[in-house]
Amino acid sequence: MKECIIIGGGIVGLCTAYYLHLEGHKVTIIDQSSMDAGASYVNAGYLTPSHIIPLAAPGAVKQGIKWMFDKASPLYIKPRLEQHFIQWAWAFNKSCTARNVARCSTAIKDINLFSSELYHALLQQEEFSFHLEKKGLLMVCQTEQLFEEELHTATLARTEGLGVQTLTPAELRSIEPNVAMTTIGALHYDCDSHTTPHIFMQQMKAFLTKVGITFIKNEKITDLTTRQGRITAIQSSTNTYTADEYILAAGSWSHHLSKKLGIKLLLEAGKGYAINTSRTTGISIPTILCEAKVAVTPMIGHTRFAGTMEIAGINHSINPTRVQAIARAAQRYYPDIQLSTTEQEQASCGLRPVSPDGMPYIGRSAACTNLTIATGHAMMGWSLGPATGKLVSEIITDQKITLPIDLYHPDRKF
């Protein structure tokens, strides 16, 4: 048995604790928050094998520059004269290639499918009854240009063995009959599932508490002590903690600690927003509004409209302009749905850790033999939580690794 400390109590941290517990390890989770808000709670709840194209793809930089001058755009990158941001931006630019897409697509698909299997396996355990449905994912388009792009992605998905069907507006109405939509066509991926995130998080925290996992909340780890390539202790402003193994799963904050070890973990915080409505919408299948880059999810108790990737440093300020853009997009695609001023004012946000090449960081760095890094999942953090936790557990327990993880190596060069 090893004593393990996980820094970060989001979806990745909780799933890592779960699988380490199954292997008989003693686990402590330390989080700087009260563990009831943030990206793990306000995401779209998607399990997305269909999302095989990384954020760093051809055209992303050109589009990002165009959108830089539009504060309501789906992707907003705020230029900053900070060394870390400049290094990340340079690496992101280098990664936006067809080669990066070809290199990453299969790996993204495989880890998503693995994670989806683990979600469904968790639901078979008597301790869990969280919401999980496999209705697939609709990609709905309003312009010929985006529809052609989505058809191209669908062709690539089919070569990866994923099921996807092209739908006319009439065919779309036949599977989503209770809501009016303005569209020229859609694609339906049958491989995706969806959840209600806060229900999963509540049940996982309850289970981990029941089996003796220690939670230390509102405690920010600010420093660490090393000796001969190993961490010997970590410190907050008031306490010191020791363990055999340490897992860095602190999301967008992870690079602050990693740089103390000389690990160049390029990460930027990508803020996303969510608006919930408890009114009946008629939406039954998760849907992405392609031109607006807005994700729509029917959850338990509400329908969620989520979107934007705002790279502007670590902050939790709500930008009303971006919230309004999501609300306008909802009505543009669903003419009978209007998100109220109150619903918009209650919008929430979360910070997603974005790597330059669109791939997560999972594994051990050569700089430290008892640290495993698990972050950088960008918009797939929720989808990849169980898979990441399982892989980290296999690394620490010296088991055979289920999937190849070379592409996720935290020491990879850009």
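The structure we're discussing is the one just above.
### A word on helix α4 (residues 83-95)
One turn of an α-helix holds 3.6 residues; hence residues three or four places apart share an orientation. With 13 residues, α4 extends 18 Å from end C-alpha to end C-alpha; this agrees with the ideal 18 Å at 1.5 Å per step. Within α4, the full set of buried residues consists of Phe85, Trp88, Ala91, Phe92 and Ser95. Relative to the axis of α4, the buried residues are bounded by an arc of 130° and lie together on one face. Exposed residues on α4 whose side chains face more than 90 degrees from its buried face are Gln83 and Trp90. On its buried face, α4 sits against α3 (60-67), β4 (75-77), α5 (98-123), β15 (268-277), β18 (302-311) and β19 (348-354).

### Section: the packing of aromatic side chains
Scanning the model with the defined rule gives 13 aromatic pairs in all. Both rings, one in Trp88 and one in Phe92, keep their centres 5.1 Å apart while their planes meet at 5°; by these two values the pair is stacked. With Trp88 and Phe92 both in helix α4, this residue pair falls four residues apart, about one helical turn. Of the two residues, Trp88 and Phe92, neither departs from the other in class, the shared state being buried. Taken together, a centroid distance of 5.5 Å and an interplanar angle of 80° make the contact between Phe200 and Trp382 edge-to-face. Here Phe200 is found in helix α8 (residues 197-210), whereas its partner Trp382 is found in helix α12 (residues 381-396), with 182 residues between them in sequence. This pair shows no difference in class: Phe200 is buried, exactly as Trp382 is. Three or more aromatic residues joined by ring pairs form one cluster here, namely Tyr18, Tyr19, Tyr119, Phe128, Phe130, Phe200, Phe207 and Trp382.

### Let's talk about helix α10 (residues 320-333)
Across its 14 residues, α10 extends 20 Å between first and last C-alpha, which sits within 8% of the 20 Å expected from 1.5 Å per residue. Taken as a whole, α10 has its buried residues at Arg322, Val323, Ala325, Ile326, Ala327, Ala329, Ala330 and Tyr333.

### Description of the environment of Pro177
Mapped onto the fold, Pro177 is located in the loop between α7 (169-175) and β8 (185-189). What makes Pro177 exposed here is its relative accessible area of 56%. As a C-alpha pair, Pro177 and Glu310 span 133 residues in sequence and 34 Å in three-dimensional space.

### Notes on the sheet that holds strand β9 (residues 193-195)
Here we have three strands laid out as an open sheet, ordered β3-β9-β5, and antiparallel in their pairing. Of all the strands in the sheet, the pair left with one neighbour each is β3 (46-47) and β5 (132-133). Here two bridges tie β3 to β9, and the two strands are oriented antiparallel to one another. In the sheet register, Tyr46 faces β9, and the bridge partner there is His194.

### Considering the nonpolar core
Counting residues in hydrophobic clusters, the biggest one holds 70 residues, and the most contacted among them are Phe200 and Leu208. Core analysis: the next-biggest nonpolar cluster, separate from the first, contains 37 residues, Phe92, Leu224, Met309 and Cys368 among them.

### Focus on the pattern of salt bridges
Summed over the entire model, instances satisfying the criterion amount to twelve salt bridges. A salt bridge links Asp357 to Arg103, with the nearest nitrogen and oxygen atoms 3.2 Å apart. Pair noted here: Asp357 is in the loop between β19 and β20 (361-364) and Arg103 is in helix α5, with a separation of 254 residues, a long-range link. Asp357 gets classed as buried once you look at its relative accessible area, which sits at 2%. You can call Arg103 partly exposed: its relative accessible area is 33%. Lys135 is the partner of Glu133 in a salt bridge, and the nearest nitrogen-oxygen pair spans 3.6 Å. On the basis of relative accessible area, Glu133 is assigned to the partly exposed category, the value being 28%. A single salt-bridge network, built from bridges that share partners, covers Lys2, Glu245 and Arg364.

How each quantity is defined
Residues numbered from 1 in each chain as written. Predicted model: local features only at pLDDT ≥ 70, side-chain atom pairs only at ≥ 80, totals over all residues. Heavy atoms only, no water. Helix = DSSP H or I, 4+ residues; strand = E, 2+ residues; numbered from the N terminus. Expected span 1.5 Å × (residues − 1). Buried < 20%, exposed > 50% of the residue type's maximum accessible area, 1.4 Å probe, protein only. Arc of directions from axis to C-beta. Contact = heavy atoms within 4.5 Å. Phe/Tyr/Trp six-rings, centres within 6.5 Å; stacked < 30°, edge-to-face > 60°. Pairing = 2+ DSSP bridges. Core = buried A, V, L, I, M, F, W, Y, C linked by side-chain atoms within 4.5 Å. Salt bridge = Lys/Arg side-chain N within 4 Å of Asp/Glu carboxyl O.

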